[in-house]
Amino acid sequence: MNHFAPPMPLPVPVTRPNTVCVIGAGYVGLTAAACLAAVGHQVQCVESDPARLAEINSGQLPIVEPGLAELVAINRAAGRLGFTASVQEGVSQAQVALLCVGTPPRASGDPDLRQLATAARQLASAALRDLIVVIKSTVPPGTCEAMDVLCAEDARADIELRIVSNPEFLREGRAVEDFFFPDRIVIGAEDDATAHAVLELYPPGTRAVLCDRRSAELIKYAANTFLAVKISFANEIAALCQHLGADSDSVLAGVGSDARIGPAFLGAGPGFGGACLPKDVAGLIATADSLGLDARLAKAARAVNFDTRQRVITTVHAAVGSLAATRIGVLGLTFKPGTDDVRDSVAVAVVDALSGAGAFLSCHDPLAGPVALPGHRVSDPYQAAAGAVALLILTAWPDYARLDPYRLAETMNGNVVIDATSVLDVGAYHDAGLEVLAIGAGIPDSYHPVIVGPLHWALDAALA
Ligand code: UDX
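What counts, and where the lines are drawn
- Residues numbered from 1 in each chain as written.
- Predicted model: local features only at pLDDT ≥ 70, side-chain atom pairs only at ≥ 80, totals over all residues.
- Heavy atoms only, no water.
- Helix = DSSP H or I, 4+ residues; strand = E, 2+ residues; numbered from the N terminus.
- Buried < 20%, exposed > 50% of the residue type's maximum accessible area, 1.4 Å probe, protein only.
- Lys, Arg positive; Asp, Glu negative; His and termini not counted.
- Salt bridge = Lys/Arg side-chain N within 4 Å of Asp/Glu carboxyl O.
- Expected span 1.5 Å × (residues − 1).
- pLDDT = per-residue confidence, 0-100.
- Contact = heavy atoms within 4.5 Å.
- Pairing = 2+ DSSP bridges.
- Axes fitted to C-alpha atoms, helices over the stretch in contact; angles between N-to-C directions.

## Comments concerning the side chain of Asp280
Part 1 of the argument: As for its position among the elements, Asp280 is in helix 11 (residues 277-290).
Part 2 of the argument: One buried charged residue, Asp280, forms no salt bridge at all, with the nearest opposite charge on Lys220 at 4.2 Å.

Here's what the structure looks like:
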């Protein structure tokens, strides 16, 4: 199965290679380290987790990201990329250090900045020369200033540390492509010279937004919150479509074809998930709260997202009657196609909820990493459908669009397929005797009286 896009063009090498230290070999750090080496920099990547470091050193990658394994292998072989557990070793020659550690959400919505603070202090005490410290992790506005204070405590008096905000916008599944060909990079620095030194890390011609540090930090929260608002808007319109008998794909395509709106991130589905969007919306809300402000749009996006997930569960419930001891096949566990990541996946949350209501679940995903599931995991989508009263599609893997509806109909013990992702060809399934309930696609009999009322009024007025 080929889940990924064709090979991308190679980026232009930088004119002035730097020596760079990257702290953290997660999605952001590993991608940044490999891509910076690929454009000509000399990169040392520091990873504190011994198991992860051992995995990388054995030639395996802890994450699935198209093109990344090849870049790591090529640049290691070329001597431009190394991995170490030691911050001292990583930073000893560095002109620039990138902080790419996790900032996981706390219950309050604020991110937990302990890994960042620890890494910044380690860098500060290990630095032997002036160093630009670039924060790539997503952080609340004001973090760079806080790191100034922390680092000043640990750095040698004769060394200048300049803390810069350069948030990462890469998407999982397209991280390498996004790194080489970003829409823009954002650099928040105290002065132009520092901003340009960071800009020089990237291939020539990269479009940049240069600003102050707080603004750069806020751009990341604001951009992801806007994307979340757009998705929730699409899902709210899809809910309307479902009740009106309208087709959400057509409606949203029509809306998105207005150049002022654009089609991106207007795809209705089971709701947004993943390690970033939910966390960054929560972070923006928490930042506003801390200032006595009410981020109402962000809160609405989050509430609609929760309702969207609930709508999937309600639709399954309505389709099968009682969930207790009902066998349901589930296709898709990752938070979106093209990744193995199940962090904050809506699919996993739906599986948990259905299982909690007593359903027996048989789940398939072509790539999902290890995940604690209440149901059992199978390696073939037809196996997931075997004996199922209903089949539920939760991640829009292209492979699912290619399933044979006749084979599914034969193996299932019912005839309902609930498609939360709009990947199925409804007509073909209908021909095979399966009823597809597409979330967001209309159920024509359910016109809502609020709509019918004005229509009656208009007709009455016209006939009078
Ligand atoms: C996101 C941002 O896009 C990226 O810029 C940031 O740096 C990290 O967070 P990512 O988490 O990889 O990237 O996923 P993304 O492609 O943005 O999708 C997020 C969620 O929104 C997924 O659950 C996806 O399925 C959902 N989504 C996306 C929709 O439901 N509809 C859409 O139209 C687009």
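## A short note on helix 12 (residues 296-320)
Part 1 of the argument: Between its terminal C-alpha atoms helix 12 stretches 36 Å, which fits the 36 Å expected from 25 residues at 1.5 Å a residue.
Part 2 of the argument: For helix 12, the full list of buried residues reads Ala298, Ala301, Val304, Asn305, Thr308, Arg309, Arg311, Val312, Ile313, Thr315, Val316 and Val320.

## Some thoughts on the pattern of salt bridges
Part 1 of the argument: Enumeration according to the criterion identifies 18 salt bridges in this entry.
Part 2 of the argument: Between Glu177 and Arg174 there is a salt bridge whose closest N-O contact spans 3.4 Å.
Part 3 of the argument: A single salt-bridge network, built from bridges that share partners, covers Arg121, Glu153 and Asp154.

## Things to note about the confidence of the model for the protein
Part 1 of the argument: On average, residues of the protein carry a pLDDT of 93, and 93% of them reach 70 or more.
Part 2 of the argument: Scored below 50 in pLDDT, residues 444-448 shows seven contacts in the model against residues more than four places distant or in partner chains.

## Examining the sheet that holds strand 14 (residues 435-438)
Part 1 of the argument: Taken in spatial order, the six strands make up an open sheet running 11-10-9-12-13-14, and their pairing is parallel. The sheet terminates laterally at strand 11 (376-378) and strand 14, the two strands that pair on one side only. This sheet shows a mean twist of 25° between the axes of neighbouring strands, independent of strand direction.
Part 2 of the argument: In the sheet, strand 9 (residues 327-331) pairs with strand 12 (residues 390-393) via four bridges, with the strands oriented parallel. Following the sheet pairing, Leu331 is matched in strand 12 by Ile393.
Part 3 of the argument: This element, helix 12, spans strand 9, strand 12, strand 13 (416-419) and strand 14 of the sheet and lies at about 170° to strand 13.
Part 4 of the argument: Sheet contacts for helix 13 (residues 346-356): strand 9, strand 10 (360-364) and strand 12; angle to strand 10, the most-contacted strand, approximately 160°.

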